[in-house]
Amino acid sequence: MLLQTPPFAPKTLAALQQLGIANQAALRQTGADKAFLLLKAAGLTITESVLWQLVAVAENRAPGSLDTGEKQYWRHRIKQHPPVAVFDPPAQMQYWMRQALAEAEQALANNEVPVGAVVVHQDQIIGRGFNRCVADHNISRHAEICALSAASQALSNYRLDDCDLYVTLEPCSMCTGAIMQARIRRLIFAAPEPKSGAAGSVVNLFADKRLNPHTAVLGGVLADEARSLLQRFFQHRRTSAQSDLT
């Protein structure tokens with residue numbers, strides 16, 4: 001069922017369509033709470049009445065049928081929801097991720113775990129980084145930390161509120177802490193990290209409201225390319241180890 005006017009105002013309906021939420025199925029998949037927050041992130045000035053409309057349409061109910069308890073439930077969900085953002089079109093995100101992959105290639109060439117990162121501010125890269133833990137004898141020299149440090153120097157500010165971070169592997173808890181402290185606006189990563197990922201694979205620190213998170217997260221951009229680099233690195237390491245035993 002297509003969303004329509006009424007119950008949604010024309011501007012609200014147009015904004016939902018631009019967000020890819022054009023029918024009831026898409027609304028249910030997104031969730032009424034997230035759809036409401038996405039409308040606000042898109043710059044639309046809306047009131048709670050839009051939230052009640054979203055809930056009602058998603059649940060096949062009349063817009064005015066929510067009682068006080070139900071409204072309180074949805075207010076709580078909004079308050080507890082992880083940060084959301086409107087992300088760039090896929091082609092644009094892939095472009096920036098390829099820049100991060102180029103950094104990961106440098107790590108691979110240096111026999112470091114091939115992870116790369118770039119910080120983007122106003123459509124320009126202001127910070128680049130790749131894993132340098134072995135070369136620098138420093139466990140903190142992950143790609144994300146290096147890129148954040150470079151961006152902070154470029155802006156003369158450790159807070160990077162209006163910046164996006166692209167990284168080829170889901171950040172660990174150390175890097176997630178730094179990303180949140182820097183107040184990065186949007187984090188886009190390529191491959192998940194099932195052993196230590198702190199953006200959803202093992203834990204999701206970005207969704208923990210106790211940590212006052214500010215960063216919206218999107219994973220899976222050029223994940224296959226990033227995964228291929230990692231596989232090449234670990235395959236080479238295994239082959240080298242076997243050669244040393246013979």
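Predicted model only: the values in this text are computed from it and were never measured.

Engineer: How do you make sense of the nonpolar core when you look at a structure like this?
Structural biologist: Note on soluble globular proteins: their nonpolar side chains tend to be buried together. Met97, Val119, Leu165, Tyr166 and Ile184 are the most contacted members of the largest nonpolar core, which totals 40 residues. Mapped onto this core, the elements with two or more residues apiece are α6 (90-109), β1 (116-121), α8 (143-155), β3 (164-169), α9 (173-182), β4 (186-191) and α10 (223-245). Counting residues per element, this core draws most heavily on α6, which supplies 7 residues. Ignoring sequence-local partners within four residues, the contact set of Val119 consists of Gln124, Ile125, Ile126, Gly127, Ala147, Leu148, Ala151, Cys163, Asp164 and Leu165. In this structure, Ile21, Trp52, Val55 and Ile78 belong to the second largest nonpolar core, which totals 25 residues.

Engineer: What is the right way to look at the UniProt feature "binding site: Zn(2+)" (unreviewed entry) in the protein chain in this model?
Structural biologist: Following the UniProt record, one finds the feature "binding site: Zn(2+)" (unreviewed entry) at His142, Cys172 and Cys175. In three dimensions, the annotated residues from a span of 34 residues occupy one location, with a maximal C-alpha spread of 9.4 Å. Structurally, the position occupied by Cys172 is in the loop between β3 and α9. Residues contacting Cys172, with those up to four places away along its chain left out, are His142, Ser196 and Ala198. Of the residues examined, Cys175 reaches a relative accessible area of 0% and is grouped as buried. Ignoring any residue separated from it by four or fewer positions in sequence, one finds Cys175 in contact with His142, Glu144 and Ile145.

Engineer: Before we go on, may I ask you to explain the sheet that holds strand β2 (residues 124-130) in this structure?
Structural biologist: What links the strands of a sheet is backbone hydrogen bonding, and the strands pair in either a parallel or an antiparallel sense. If you trace the 5 strands from one edge of the open sheet to the other, you get β2-β1-β3-β4-β5, paired in mixed fashion. The outermost strands of the open sheet, each flanked by one partner alone, are β2 and β5 (216-219). Neighbour-to-neighbour, the strand axes of the sheet open up by a mean angle of 15°, direction not taken into account. Sheet analysis places β4 next to β5, joined by 4 bridges and oriented parallel. Paired with Arg186 across the two strands is Ala216, which belongs to β5. In the packing of α6 onto the sheet, the strands contacted are β1, β2, β3, β4 and β5, and the crossing angle to β1 comes to about 140°.

Engineer: Honestly, the pairing of β4 in this entry has me stumped. Any pointers?
Structural biologist: A regular strand places its side chains so that they alternate between the two faces of the sheet. Within β4, 6 of the 6 residues are buried, which leaves it mostly tucked inside the rest of the structure. The pairing of β3 with β4 spans 5 bridges and is parallel. Its bridge partner being in β4, Leu169 is matched across the sheet by Ala191. In the classification by handedness, the crossover that spans β3, the intervening α9 and the parallel β4 is right-handed.

Engineer: What is the right way to look at the packing of aromatic side chains in this model?
Structural biologist: To describe a pair of aromatic rings, you give the distance between the ring centres and the angle between the ring planes. Under the definition given, this model contains 3 aromatic pairs. Ring geometry for Tyr95 and Trp96: centres 4.9 Å apart, planes at 70°, overall edge-to-face. Taking the centre distance of 4.9 Å and the plane angle of 80° together, the rings of Phe233 and Phe234 count as edge-to-face. Look at Phe233 and you get buried, because its relative accessible area is 2%.

Scoring rules and cut-offs
- Think of each chain on its own: its residues are numbered from 1, step by step along the sequence as written.
- Local features are withheld for residues below a pLDDT of 70 in this predicted model, meaning they are given only at 70 or higher, and side-chain atom pairs are given and counted only at 80 or more; totals for whole chains, interfaces and linings count all residues.
- Neither water nor hydrogens contribute to the side-chain values; these are computed over all heavy atoms in the structure.
- For the purposes of this section, nonpolar cores are sets of buried Ala, Val, Leu, Ile, Met, Phe, Trp, Tyr and Cys residues that join through side-chain atoms within 4.5 Å.
- Only protein chains enter the calculation, and the probe is 1.4 Å; a residue is then buried if its accessible area is under 20% of its type maximum, exposed if over 50%, and partly exposed in between.
- Per the convention used, a helix needs a DSSP run of H or I reaching at least four residues, while a strand needs a run of E reaching at least two, with both numbered from the N terminus.
- The contact rule is simple, with two residues in contact once any of their heavy atoms fall within 4.5 Å.
- UniProt positions are given in the numbering used here, feature names are shortened, and annotations may be inferred rather than shown by experiment.
- The rule for pairing is simple: two strands pair if DSSP sees at least two bridges between them.
- A fitted line through C-alpha atoms represents every axis, and for helices the fit uses only the stretch in contact; the resulting angles, taken between N-to-C directions, go from 0 to 180 degrees.
- If the strands point away from the viewer and the path from the first strand over the helix to the second runs clockwise, then the crossover is right-handed.
- Only Phe, Tyr and Trp rings take part, Trp by its six-membered ring, and two of them pair if their centres are within 6.5 Å. Stacked means planes under 30 degrees apart, edge-to-face means over 60, and tilted covers everything else.

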